[in-house]
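Tertiary structure, described
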Protein chains: 2
Amino acid sequence: MTIANVHLLLTGNELMTGDIVDSNSAMIAQQCKGIGIKISRKVTLADDLDLLAEEIKHLTKDADVLIINGGLGPTTDDLTAQALALATQRSLKQHPIALAHLETWCQQRNAHLGKANLKQALLPEDCEIIANRVGSAVGFSLVLNGCQILCTPGVPSELNIMLEEEIIPSLASQSNFTAEMDITRLQLFGIGESTLQSMLVENFPDWPKEVEVGFRASSPLIELKLTIEKNEHLPIKIFLIKKIKALLNDHIIEEIKDKPYSLAELVLQLCQQKHLKITTAESCTGGLIASDITKVSGSSSSFEAGFVTYSNKMKSKLLHVDEKILEQHGAVSEQTVRAMAEGALAIAEADLVIAVSGIAGPGGGSAEKPVGSVWIAWGSKDKIYSKYFCIKANRENFQRTVAARSLDLIRRLLIESNQTPLYF
Amino acid sequence: MTIANVHLLLTGNELMTGDIVDSNSAMIAQQCKGIGIKISRKVTLADDLDLLAEEIKHLTKDADVLIINGGLGPTTDDLTAQALALATQRSLKQHPIALAHLETWCQQRNAHLGKANLKQALLPEDCEIIANRVGSAVGFSLVLNGCQILCTPGVPSELNIMLEEEIIPSLASQSNFTAEMDITRLQLFGIGESTLQSMLVENFPDWPKEVEVGFRASSPLIELKLTIEKNEHLPIKIFLIKKIKALLNDHIIEEIKDKPYSLAELVLQLCQQKHLKITTAESCTGGLIASDITKVSGSSSSFEAGFVTYSNKMKSKLLHVDEKILEQHGAVSEQTVRAMAEGALAIAEADLVIAVSGIAGPGGGSAEKPVGSVWIAWGSKDKIYSKYFCIKANRENFQRTVAARSLDLIRRLLIESNQTPLYF
């Protein structure tokens, strides 16, 4: 069976008013695309029972699948179950599986199962349940006019898992999707999307048409996706990837197998493999690098302490940076950041260190040291490296970029890379 | 004339595949909302000439205004002008104003006016031009079935200006919009959206219909929005807000005047007003609280140092937590977190402190101290408060919730609140 016509119906006043941006339809479309299914129509309506019921009837007339998103919550604005019942002329009944899920959900959170929440178990009679293991509202489905209607939650994280674990596998098996599609995903750091596109155009003027290339930015990383649709094209892709890896070298931080990794995750993996401990000494990033590291489960095996020394006084007090260095060269200097690194290494009894000192802005700059100036030091007891950058960005993006580059520099040290990053 | 029914039609293959997220419809809807106009239907279609022409005819039947977005570019996928010509049974003609604009645009950029670009001046006969001062493609409009059709560019920055400078003023004057709309926005922390709705339903069974209420989640805060459309309803809103403030008390962190504030920004404002310095001692949040604070420009006047003591050894070494306390009670205990707080206060020479110690998960839990356990300590040299919470969430959400609650607790101390947060 071919799933030819898939429509999307999104509901929610906050979508119509633009109070929130619709990212769910992109998520649904992308996941469907992964199994060769294209969305042919997308309609968004406000929370209006009659309009929704009419639209459901209308869209099911020429669709194989209709995915409805939103409207499963406990408030009076959440109308999907009612609209579907109206459109299919069924009554609403308390579904035992939905109710059981709700009860367990509330129990686990010591939350009271109120009237509003009970509404989430009132579903069109005889509908099927689609499991939602990370939310209170189950999804549900039924068939109308030969069209499969799937009702999904509006919360993006819940939708994502329901798609990955329930809906996409189901649609894939129904459409006899044969995974001849082969995708290679490379994660890169340190090259902008425009630069990457230009490099590919320049170096591969005869790009093979069998290989589809895609880019996705997930700051601070970029994902380069290479797709072929037939097994017989695999050798072409393999050859192309080899050349791409030679061209982009250590800007490729990994090839995604199961899930993408953050720079911090990769650094920690390398530390764990080599039984090394890492510490951080932060001024302008104010805890962000330590936070990136400790977001990662299991980081405690490689990370014991981080220092946030925001004032000169504390750089001296906590990291033993000589006051004379601060007087002579200032906080944002090679001498200071190297002294911060040495101090942190010693006190935290670590093998590796990252230290940063800079001017995040918008205030604090001068002629010699403009906003965006930063010194990064990284290395080990044996050798500490240091480099100056000037990063023009708003405060938050400056901090994120400095954190990302610091982690990338330690990563390159750990993989013993001898290449110079493009951002040098 | 009332503009009652406004539909949106967006076109673009990259929207259907989810390769880009549609932020334009939110932008259009928000700007329309500012002049009292609601979008009642939003349809997205791929770049297909016949489908687009059909949809245009269909949507104009019951709309006063149809805004079409996208498809004005120079490539073969850009079909809006052709689709509109087809739908209105007009021919495409080179529009002199559009052509003049294109020629000037290319001249100013020393760009060649190629065949592809010339296509952008081929518009439905006798349409009106909508100026685009920041892009090569002019917008255009005409009337079909009594419906005003406005064709706008897909590039967000171009759309933004065209809306602000051309379209919104035109629609506002047509609809005799009088800026009587008055909106109050309250930011809250520590109440979930469901709970908030229930509280409002319970305490205001006769909610005045003149006041429209809206909720927007922007984790970890919630925004409660109260809107009236006529000046004469202002006293009703004022009275209602007074009662809401009495009910929700210090869960309301601020009333948004110009822009929303983060908890960290509010804490820093209060510290600056009172000339107080704050320090942080973090275990399970690993730098996140310090990072939240230092994201804020000007934080250096109130923040000098933060400690990330991820291991027991470092709790003792950096914060002078007695090893015996760690041995007897463990890292995640009231005694340890209070000792962390005292140590940080002394060493950082600060007036206020936040200290946290917990189990972020997914590993690390036990029967007595399950994943999600956390002790938070907060206060000053005069008095340190401490409290235990069990926060069931994934690792990242656990860390964010602990950080947010810590900042909220210090905020409540600074505003001398005597109320107990709902999350206690």
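Position numbers for residues count from 1 along each chain, tracking the sequence in the order it is written. As they are written, the chains are lettered A onward and the ligands numbered 1 onward, keeping that order. Residues qualify for local features only when their pLDDT is at least 70, as the model is predicted, and side-chain atom pairs are given and counted only at 80 or more; totals for whole chains, interfaces and linings, by contrast, use all residues. For the side-chain quantities, the full set of heavy atoms in the structure was used; hydrogens and water were omitted.

Inclusion rule: UniProt positions are given in the numbering used here, feature names are shortened, and annotations may be inferred rather than shown by experiment.
The name given to chain A in an unreviewed UniProt entry is CinA-like protein, and the organism recorded there is Colwellia hornerae. The annotation that UniProt attaches to chain A under Sequence similarities (unreviewed entry) is "Belongs to the CinA family."

1. A short note on the sheet that holds strand β9 (residues 182–188) of chain A
All names here are of chain A. What counts, and what does not: Here, strands pair whenever DSSP counts at least two bridges between them. For helices the rule is a DSSP run of H or I covering at least 4 residues; for strands it is a run of E covering at least 2, with both sets numbered from the N terminus onward. To get an axis, fit a line to the C-alpha atoms, keeping to the stretch in contact for a helix; angles then go from 0 to 180 degrees between the N-to-C directions.
Here four strands make up an open sheet; going across it, the order is β10-β11-β9-β12 and the pairing antiparallel. A strand with exactly one partner marks an edge of an open sheet, and here the two such strands are β10 (212–218) and β12 (252–255). With strand direction ignored, the average angle separating the axes of adjacent strands in the sheet is 25°. Note that β9 and strand β11 (residues 221–228) share seven bridges and pair antiparallel. The partner of Thr-184 across the bridge, within β11, is Leu-226.

2. A word on the sheet that holds strand β10 (residues 212–218) of chain B
Residues and elements named next belong to chain B. On the basis of which strands lie adjacent, the open sheet formed by four strands has the order β10-β11-β9-β12 and antiparallel pairing. One side of each edge strand has no neighbouring strand; the edge strands of this open sheet are β10 and β12 (252–255). In this sheet, neighbouring strand axes are inclined to one another by 25° on average, regardless of whether the strands run parallel or antiparallel. Strand direction decides the pairing type here: β10 and strand β11 (residues 221–228), joined by seven bridges, are antiparallel.

3. Some points on the interface of chain B and chain A
The following threshold applies: The contact criterion used throughout is that any non-hydrogen atoms of two residues lie within 4.5 Å. Reported buried area values correspond to the accessible surface (1.4 Å probe) lost by two parts on association, with both partners' losses combined. Throughout this description, the term salt bridge denotes a Lys or Arg side-chain nitrogen within 4 Å of a carboxyl oxygen of Asp or Glu. Residues adjacent in sequence count toward polar contacts only when both atoms are side-chain atoms; beyond that, a polar contact is any pair of N or O atoms within 3.5 Å, and within protein one must be able to donate a hydrogen and the other to accept it. All amino acids are sorted into three groups, where Ala, Val, Leu, Ile, Met, Phe, Trp, Tyr, Cys and Pro are nonpolar, Asp, Glu, Lys and Arg are charged, and the leftover types, Gly among them, are polar.
Opposite the 60 residues of chain B that make contact, chain A presents 58 residues. Here chain B meets chain A over a buried area of about 4900 Å², counting both sides, of which 52% is carbon and sulfur. The largest contributions to the chain B side of the interface with chain A come from B:Lys42, B:Glu304 and B:Tyr310, which together make up 13% of the buried area. Scanning the region where chain B abuts chain A turns up six salt bridges. Put simply, chain B and chain A have 31 residue pairs in polar contact (both at pLDDT 80 or more) between them. Grouping the constituent residues of the side of chain B that touches chain A by class yields 24 nonpolar, 21 polar and 15 charged. With five bridges joining them, strand β2 (residues 39–45) of chain A and strand β2 (residues 39–45) of chain B adopt antiparallel strand pairing.

4. Looking at the UniProt feature "domain: MoaB/Mog" (unreviewed entry) in chain A
As recorded in UniProt, the sites labelled "domain: MoaB/Mog" (unreviewed entry) are residues 7–174 of chain A. Across residues 7–174 of chain A, helical content stands at 42% and strand content at 23%; the span's end C-alpha atoms are separated by 17 Å.

5. Considering the pattern of salt bridges
All names here are of chain A. How we decide: Each residue is placed in one exposure class: buried if its accessible area under a 1.4 Å probe, protein chains only, is under 20% of its type's maximum, exposed if it is over 50%, and partly exposed if it falls in between.
Applying the stated criterion to the full structure yields 38 salt bridges over all chains. The salt bridge involving Glu-396 is made with Arg-400; its shortest N-O contact spans 2.6 Å. Of this pair, Glu-396 and Arg-400 both sit in helix α15 (residues 395–414), four residues apart, which is roughly one turn of the helix. For Arg-400, a relative accessible area of 44% corresponds to the partly exposed category.

6. Brief notes about the pairing of strand β16 (residues 373–380) of chain A
All names here are of chain A. In terms of residue burial, β16 counts as a mostly covered element, since eight of its eight residues are buried. Neither face of β16 is left uncovered, since the one carrying Ser-373, Trp-375, Ala-377 and Gly-379 and the one carrying Val-374, Ile-376, Trp-378 and Ser-380 both have all their residues buried. With seven bridges joining them, strand β15 (residues 352–358) and β16 adopt antiparallel strand pairing. Bridge pairing in β16 links Ile-354 to Trp-378. Both β16 and strand β17 (residues 384–390) contribute to a ladder of seven bridges, which runs antiparallel. Opposite Gly-379, over in β17, you have Ile-384 as the bridge partner. Following β16, the chain reverses through three residues before pairing antiparallel with β17.

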